[in-house]
Amino acid sequence: MDQIKVERRNEVLALSWQDAEDRLQGVITPADPHPGEPLRLTLSVGNLQGPPFEGGVTVSFSQEGVPGQVTRALKKDAVGWSTEFIPPEPGTWDVDVRFLTTRPKALHARFTVSETGVPLFVWRSLLGLFAVLLLLRVLTAMTRREVPAEPPADAADEAAATPPAGATAETPAEPTPAPPVDPSADR
C-alpha cells in the first residue's frame, strides 16, 4: 500500500498522494476528531492525463491493528467522493482508500482520534464570565473610593455633634451643667 501524506492545516487534516498516473487529494474535518462525534472525509481523485476519473472509490476505517471495521463504497457527488464516520473510541485510526484506474490503487493514511476534552465554547464562556466579574469588581472599587469635591451640607452639623478633640472613648466629654432651678419661682 502507498502512504497518503497527512498534514494539519488549520481546522482540517489535508491528504495528498500522487504517482506517475494518478493523484489523490482530500480532507478530514475536523482536524481533531473525538469519539462519538462525526468526522467527514472528502476526496478528489484524478488522472494526471486523459479523461477525469469518474469511477468508484472504496474507503475503510479501522483502528490500528483491526483491519476493515467500517468499509464504504463511494460514488462521486458534486464535491467528489465523501462520507461521514463516527469513531467509537479514541486512538490511532487508519483510513484505506482503493480505486481502479489503469491498475488497482491501494492507499493508506493514519490519523488520531483524541479523548473528548472541554469544548472550546466552554473555555470561551468561562473566560468571558471571568472578564465580566473582574470588570464589575473594578467598577465597584472605583465607585467606593470616590471622594466628593465639596463636603456635603450635613458635614457642618456632624462636626458640631462630634466630641471635642481631647475626648476619647474612655473619658467622655464633660456634659455642660444645666442652670439650677429655683423652686420658689414656680409659685
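The paragraphs below set out a description of the structure included in this document. Please read these numbers as outputs of a predicted model, since none were measured by experiment. (Residues numbered from 1 in each chain as written. Predicted model: local features only at pLDDT ≥ 70, side-chain atom pairs only at ≥ 80, totals over all residues. Heavy atoms only, no water.)

Some thoughts on the sheet that holds strand β5 (residues 39-47)
Reasoning step 1: With respect to topology, five strands assemble into an open sheet ordered β2-β3-β4-β5-β8, the strand pairing being antiparallel. Two strands in the sheet have a free side with no partner beyond their single neighbour: β2 (5-9) and β8 (81-85). Strand-to-strand twist in this sheet, taken as the mean axis angle between neighbours without regard to direction, amounts to 20 degrees.
Reasoning step 2: Taken together, the six bridges between strand β3 (residues 12-18) and strand β4 (residues 22-29) define a ladder with antiparallel strand orientation. Note that in β4 the partner of W17 across the bridge is L24. (Pairing = 2+ DSSP bridges. Helix = DSSP H or I, 4+ residues; strand = E, 2+ residues; numbered from the N terminus. Axes fitted to C-alpha atoms, helices over the stretch in contact; angles between N-to-C directions.)

Quick notes on the sheet that holds strand β6 (residues 57-63)
Reasoning step 1: On the basis of which strands lie adjacent, the open sheet formed by five strands has the order β1-β10-β9-β6-β7 and mixed pairing. Unpaired on one side and paired on the other, β1 (2-3) and β7 (70-74) mark the two borders of the sheet.
Reasoning step 2: Relative to β7, β6 is paired through five bridges, and the arrangement is antiparallel. Residue pairing for β7: S60 is matched across the bridge by T71.

Points about the pairing of strand β9 (residues 91-100)
Reasoning step 1: One ladder, built from seven bridges, connects β6 with β9; its direction is antiparallel. Each bridged residue has a counterpart across the sheet, and for F61 the counterpart in β9 is V95.

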